[in-house]
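# Summary of the model geometry
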Amino acid sequence: MSETVLAFDTSAAHCAAALLLPDGKVLNRLEIMEKGQAERLVPLLEDLLAEAGLGWPAVTRIGVGTGPGNFTGVRLSVALARGLALGLNIPAIGVTRLEALAHGLPRPLLVAEDARRNEVYALGFDLAEMKLPCILSRDALPAAPHVTGSGFAEGLPPAMPLAEAIARIAATQPPGPRPAPFYLRGADAAPPSDPPPVILE
């Protein structure tokens, strides 16, 4: 592999980043945070590059987590990935959280991530059913030889940190359309019901 891949994800209460180097070495960073990702993400990426003794021009590919997950966090990462790809003139590859969690695990595999409301985001790998990602009730999940994800009390742990999985997947994917947020559910936010203020002249 000759790519230097910088990958990151803010789809949950974290800033996760990984730098995959051409020799296969990976540097990982994970900072747990409920808020403040917008201010922390770029400095975190710069710290990661500095640790490897590299600058932005050394990056040949961007990998970004596209969700499902926190709406604001997903949009933050995707927007940054698009901006970096444009500024550095390199490809940006979007990777869903479900794909990243499955990377490196045995198949057949069912990935299920907590979606709240007693539901999970689910996707099957090498399963007869569940070939497309969807939202299911926990009670409706099909049986599978292997399971992973926060939708299960017990199951296989991920094979590697989330950002590293995004980087490794992105390194092998051909460039395609610009990354876009991957949503399986509409936003919970609703427009305000109060009437607009009256402007007095």
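Here's what I pulled together on the structure shown here. Everything quoted here is computed from the prediction, not taken from an experiment. Note on numbering: residues in each chain are counted from 1, in written sequence order. Residue-level local features of this predicted model are given only where pLDDT is at least 70; pairs of side-chain atoms are given and counted only at 80 or more, and the full residue set underlies all totals for whole chains, interfaces and linings. Each side-chain value is worked out from all heavy atoms of the structure, with water and hydrogens disregarded.

### Regarding the overall build of the chain
Formally: Helical segments are the DSSP runs of H or I of at least four residues, strand segments are the runs of E of at least two, and each set is numbered from the N terminus. In this description the radius of gyration comes from C-alpha coordinates, and the expected globular size is given by 2.2 Å times residues to the power 0.38. In what follows, a contact means two residues having at least one pair of non-hydrogen atoms within 4.5 Å. Note on areas: Shrake-Rupley, 1.4 Å probe, and residue coverage restricted to the protein chains presented here.
Helix and strand counts for the chain stand at four helices and nine strands. Relative to the compact-globule value of 17 Å for 201 residues, the chain shows a C-alpha radius of gyration of 18 Å, a close match. Taken over the C-alpha atoms alone, the chain extends approximately 65 × 50 × 30 Å along its principal axes. Across the chain, the fraction of contacts at a sequence separation of at least 24, relative to all contacts at a separation of at least 6, is 59%. Of the roughly 10600 Å² of accessible surface on the chain, a fraction of 56% belongs to carbon and sulfur atoms.

### A short note on the side chain of T66
Its place among the elements puts T66 in the loop between β4 (61-65) and α2 (71-88). Beyond its immediate stretch of four places on either side in the chain, T66 contacts V74, V78, G94, V95, T96, P179, A180, P181 and F182.

### Some thoughts on the pattern of salt bridges
Side-chain pairing between opposite charges can occur once the charged atoms of the two side chains come close. For clarity, the cut-off: We define a salt bridge as a contact between a side-chain nitrogen of Lys or Arg and a carboxyl oxygen of Asp or Glu at a distance within 4 Å. Burial classification: accessible surface area is computed with a 1.4 Å probe over protein chains only, and a residue below 20% of its type maximum counts as buried, one above 50% as exposed, and the rest as partly exposed.
Under the counting rule described, the total for this entry stands at seven salt bridges. Between R29 and E51 there is a salt bridge, and its shortest N-O distance comes to 2.9 Å. Taken as a pair, R29 in strand β3 (residues 26-32) and E51 in helix α1 (residues 37-51) lie far apart in primary sequence, 22 residues in all. With a relative accessible area of 27%, R29 lands in the partly exposed category. Using a relative accessible area of 46% as the deciding quantity, one classes E51 as partly exposed. Here R168 and E164 are joined by a salt bridge, their closest N and O atoms 3.0 Å apart.

### Considering the packing of aromatic side chains
Selection rule: Pairing of aromatic side chains requires ring centres within 6.5 Å, counting the rings of Phe and Tyr and the six-membered ring of Trp. Pairs whose planes differ by under 30 degrees are stacked, by over 60 edge-to-face, and all others tilted.
In this structure the tally under the stated criterion is one aromatic pair. The interplanar angle of 20 degrees and the centroid separation of 4.4 Å between the aromatic rings of F71 and Y183 together place this pair among those described as stacked. Placement of the pair is F71 in helix α2 and Y183 in the segment after α4 (162-172), with a sequence separation of 112 residues.

### Examining the sheet that holds strand β6 (residues 109-116)
This is how it is decided: A pair of strands is considered paired only if DSSP assigns at least 2 bridges between the two.
Strand order across the open sheet formed by four strands is β8-β7-β6-β9, with mixed pairing between neighbours. Across the chains shown, the open sheet's two edge strands, defined by having one partner strand only, are β8 (134-137) and β9 (147-148). Bridge count between β6 and strand β7 (residues 119-125): seven bridges; the pairing is antiparallel. Note on β7: the bridge partner recorded for L110 is G124.

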